[in-house]
Amino acid sequence: MLSLLAALLLIAETPTTLLVPPFSHTLGFHRVTRFYLELYLGKDFKISNPQAMCGAKMFEEDDPSTGKDDHILTMFAVNSGSGQIVYNVKLVRPGLYGSVGSDTGQFANPHGICCNPKGDVYVADTDNDRVVRLRYSQGRLSWVSVIDSGLNRPRDVGIDSRGRLYVADCGNDRIVVYGPDGSVEATWPGLDRPTAVAVLDAQTEYNDYKLDAVTVIDHDRQRISQFSLSGQLRRQTDARRIGRDEAAFAYCAFDRHGNLYVTDETNCEIHVFDPNLKYIVSQGGPDQFNSPRGIAIWRRFGQLFVNELDGGQYYWVGLDAYFIGCYPPELTREQPGTTIALYVTEVGDVTVTISDSAGRVVRTLTPPHSQRPGEVLIVWDGRTDSGEFVAPGEYEIRAVVRPTYSRPKQLLKKELVGRVRRLLDS
């Protein structure tokens, strides 16, 4: 199946797994380069080894009387080489916090960052062997405390809806779980230099299938593992299982359907996996991404942000769909039906109709319904809507797939066309 999908992707149109937002939304600026970032943030700012990023709709910045600001997030990104946290204040003004060092307000080669809508921000301060808790309030970051429980080069942090913190403790080959009060609740040993962690729990908002999962990247950034929130290993995958000789998985984020998006510095791609860690699709390459690193998804609307070596990009979670074929491609009295095989890369609304050579719809196979990503198999019994076998001739199969996310479902649809033939009776 993987080789068949790869062949389809080679001949496919421009992928829309990630959708460039329309001009009316971004005024054409969906990619920010080094030049514009340094111009925007001032002469004292230089991009230096960007790492993780995160974002949230802050409670204190939300106007409950309108929904017009619901897509405007406060974003945080790690500028590791400068020991800085870069952030925005409701798209009004930028902010910088931190410098290189080991004192209060300083960081040494920080990597991971996470936040919640309450304004809690945590940073994996790697070379200082600590996690730092910051507070975002009234448009500014401030120092709160240091979390240090024998950490050795912590590389990433994730937070669940109950305030529990998950730390990728790289040098100790483990995940450490802290309670909201900063006490150690659990340690998960047996990992191999974990470098990234992402958390999705059933109680959090915009988690449609109520998935409980923690994803960890380790083993020289070649392996992706999924755990339960209690630390039980569920499943794993690696670079070779997705058709790559090597990879450098950097960071990962969940969408509202529990699909996992993983950046890959080596292949300059974003890989997508379903909630069971089954590989779905990749998008990118050197022409699209320049060593992508941090990634953040606002699950409510499917807004996706990604850091690159020299800037960043902004997308909407979209959808790709492919027509694989009909099996068998010819119908007979002895074998009057066929199985229609499609492939979709995101949760989408699917409709399938059958038309004769004159363009008349003879059968509507599926009313609009939500289909999860992966292979889709739909059986047609060779009959019309009135229950009669179709007459000999050629029939067109048309599948329309639309994403379910807020705006792309109005802007994007994939129309897939295939054909089958009803043979004359012998």
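Before reading further, recall that the structure is shown in the block above.
Heads up: these notes are all about the structure in this document. (Residues numbered from 1 in each chain as written. Predicted model: local features only at pLDDT ≥ 70, side-chain atom pairs only at ≥ 80, totals over all residues. Heavy atoms only, no water.)

**Comments concerning the overall build of the chain**
Thought 1: Helices and strands together make up the secondary structure of the chain, namely four helices and 35 strands.
Thought 2: A compact globule built from 426 residues would reach a C-alpha radius of gyration of about 22 Å, and the chain, at 24 Å, matches this within 12%.
Thought 3: Seen through its C-alpha atoms, the chain measures out along the principal axes to roughly 85 × 45 × 40 Å.
Thought 4: Looking at the chain as a whole, 55% of its 426 residues qualify as buried.
Thought 5: Within the chain, contacts between residues at least 6 apart in sequence are counted, and of these 52% link residues at least 24 apart. (Helix = DSSP H or I, 4+ residues; strand = E, 2+ residues; numbered from the N terminus. Rg over C-alpha atoms; globule rule 2.2 N^0.38 Å. Buried < 20%, exposed > 50% of the residue type's maximum accessible area, 1.4 Å probe, protein only. Contact = heavy atoms within 4.5 Å.)

**Some remarks on the packing of aromatic side chains**
Thought 1: Across all of its chains, the model carries 12 aromatic pairs by this definition.
Thought 2: Centre to centre, the rings of Tyr-97 and Phe-107 are 6.3 Å apart; their planes meet at 65 degrees, and the pair counts as edge-to-face. Residue Tyr-97 is located in strand S6 (residues 93-97), and its partner Phe-107 is located in strand S8 (residues 106-107); the two are separated by 10 residues in the primary sequence.
Thought 3: Judged by relative accessible area, Phe-107 falls into the buried class, the value being 0%.
Thought 4: With a centroid separation of 5.5 Å and an interplanar angle of 80 degrees, the aromatic rings of Tyr-206 and Trp-298 are classed as edge-to-face. Of this pair, Tyr-206 sits in the loop between strand S17 (196-200) and strand S18 (213-218) while Trp-298 is found in strand S25 (residues 295-298), placing the two residues 92 residues apart along the sequence.
Thought 5: Given a relative accessible area of 22%, Tyr-206 falls into the partly exposed group.
Thought 6: Three or more aromatic residues joined by ring pairs make a cluster, and in this case those are Phe-76, Tyr-87 and Tyr-136. (Phe/Tyr/Trp six-rings, centres within 6.5 Å; stacked < 30°, edge-to-face > 60°.)

**A few points about the pairing of strand S27 (residues 311-317)**
Thought 1: Of all seven residues that make up S27, seven are buried, and the element is covered over most of its length.
Thought 2: Burial along S27 is two-sided: the face carrying Gly-311, Gln-313, Tyr-315 and Val-317 and the face carrying Gly-312, Tyr-314 and Trp-316 are both buried.
Thought 3: Two elements, strand S1 (residues 18-19) and S27, share two bridges in a ladder whose sense is antiparallel. By the bridge assignment, Leu-19 is partnered in S27 with Trp-316.
Thought 4: In this sheet, S27 lies alongside strand S26 (residues 303-308) in antiparallel orientation, the contact comprising six bridges. Note on S27: the bridge partner recorded for Phe-305 is Tyr-314.
Thought 5: Joining the antiparallel neighbours S26 and S27 is a turn of two residues. (Pairing = 2+ DSSP bridges.)

**Notes on the side chain of Gln-283**
Thought 1: Checked against the element boundaries, Gln-283 lands in strand S24 (residues 279-284).
Thought 2: Within the structure, Gln-283 has its side chain in polar contact with the backbone nitrogen of Thr-17 (distance 3.1 Å).
Thought 3: Apart from the residues within four sequence positions on either side, Gln-283 is in contact with Pro-15, Thr-16, Thr-17, Leu-18, Glu-269, Ile-270, Gln-288, Phe-289 and Asp-320. (Polar contact = N/O pair within 3.5 Å; in protein donor to acceptor, adjacent residues only side chain to side chain.)

**Overview of the nonpolar core**
A general feature of soluble globular proteins is that nonpolar side chains tend to end up buried together.
Thought 1: In terms of nonpolar packing, the biggest core is built from 59 residues, with Phe-76, Ile-85, Ile-113, Leu-134, Leu-141, Tyr-261 and Leu-304 touching the most fellow members.
Thought 2: With six residues, the single largest contributor to this core is strand S21 (residues 249-254).
Thought 3: Contact partners of Leu-141, with chain neighbours within four places excluded, come to Phe-76, Ile-85, Tyr-87, Tyr-97, Val-121, Leu-134, Arg-135 and Tyr-136. (Core = buried A, V, L, I, M, F, W, Y, C linked by side-chain atoms within 4.5 Å.)

**So, unusual backbone geometry**
Thought 1: Omega for the peptide link from Tyr-327 to Pro-328 comes to 0 degrees, which places this bond in the cis form.
Thought 2: Mapped onto the fold, Pro-328 is located in the loop between strand S28 (321-327) and strand S29 (330-331).
Thought 3: Phi is positive for Asp-129, which is not a glycine, with a value near 55 degrees.
Thought 4: Within the element layout of this structure, Asp-129 appears in the loop between strand S10 (120-125) and strand S11 (130-137).

**With respect to the pattern of salt bridges**
Thought 1: Tallying each qualifying case throughout the model produces 28 salt bridges.
Thought 2: With a closest N to O distance of 2.8 Å, Arg-221 and Glu-265 form a salt bridge. Residue Arg-221 is located in the loop between S18 and strand S19 (223-227), and its partner Glu-265 is located in the loop between strand S22 (260-264) and strand S23 (269-273); the two are separated by 44 residues in the primary sequence.
Thought 3: For Glu-265, a relative accessible area of 15% gives the class buried.
Thought 4: Asp-238 is paired through a salt bridge with Arg-241; the nearest N and O atoms lie 3.9 Å apart.
Thought 5: Residue classification places Arg-241 among the exposed residues on the basis of a relative accessible area of 53%.
Thought 6: Within the structure, one salt-bridge network assembled from shared partners comprises Glu-394, Glu-396, Arg-398, Lys-413, Glu-415, Arg-419 and Arg-421. (Salt bridge = Lys/Arg side-chain N within 4 Å of Asp/Glu carboxyl O.)

**Thoughts on the sheet that holds strand S9 (residues 113-115)**
Hydrogen bonds along the backbone pair up the strands of a sheet, which may run parallel or antiparallel.
Thought 1: Taken together, the four strands give an open sheet; going across it, the order is S9-S10-S11-S12, and neighbouring strands pair in antiparallel fashion. In this open sheet, the two strands that pair with only one neighbour each are S9 and strand S12 (140-147). Pairs of neighbouring strands in the sheet enclose a mean axial angle of 25 degrees, with direction left out of account.
Thought 2: Examined bridge by bridge, S11 and S12 share seven bridges and lie antiparallel to one another. Paired with Ser-137 across the strands is Arg-140, a residue of S12. (Axes fitted to C-alpha atoms, helices over the stretch in contact; angles between N-to-C directions.)

**What about the environment of Asp-169?**
Thought 1: Mapping Asp-169 onto the fold places it in strand S14 (residues 165-169).
Thought 2: Taking relative accessible area as the criterion, Asp-169 reaches 0% and is therefore assigned buried.
Thought 3: Residues Asp-169 and Arg-153, 16 residues apart in the sequence, show an inter-C-alpha distance of 6.3 Å.
Thought 4: When sequence neighbours within four positions are dropped, the list of residues in contact with Asp-169 reads Gly-150, Leu-151, Asn-152, Pro-154, Arg-174, Val-176 and Pro-194.
Thought 5: Looking at Asp-169, its side chain comes within polar contact range of the side chain of Arg-174, at 2.7 Å.

**Points about the sheet that holds strand S15 (residues 174-178)**
Thought 1: Across the sheet, which stays open at both edges, the four strands sit in the order S13-S14-S15-S16 with antiparallel pairing between neighbours. Sheet topology places strand S13 (154-159) and strand S16 (184-188) at the edges, where each strand pairs with a single neighbour. This sheet shows a mean twist of 20 degrees between the axes of neighbouring strands, independent of strand direction.

Purely spatial values, then, with no claim about function.
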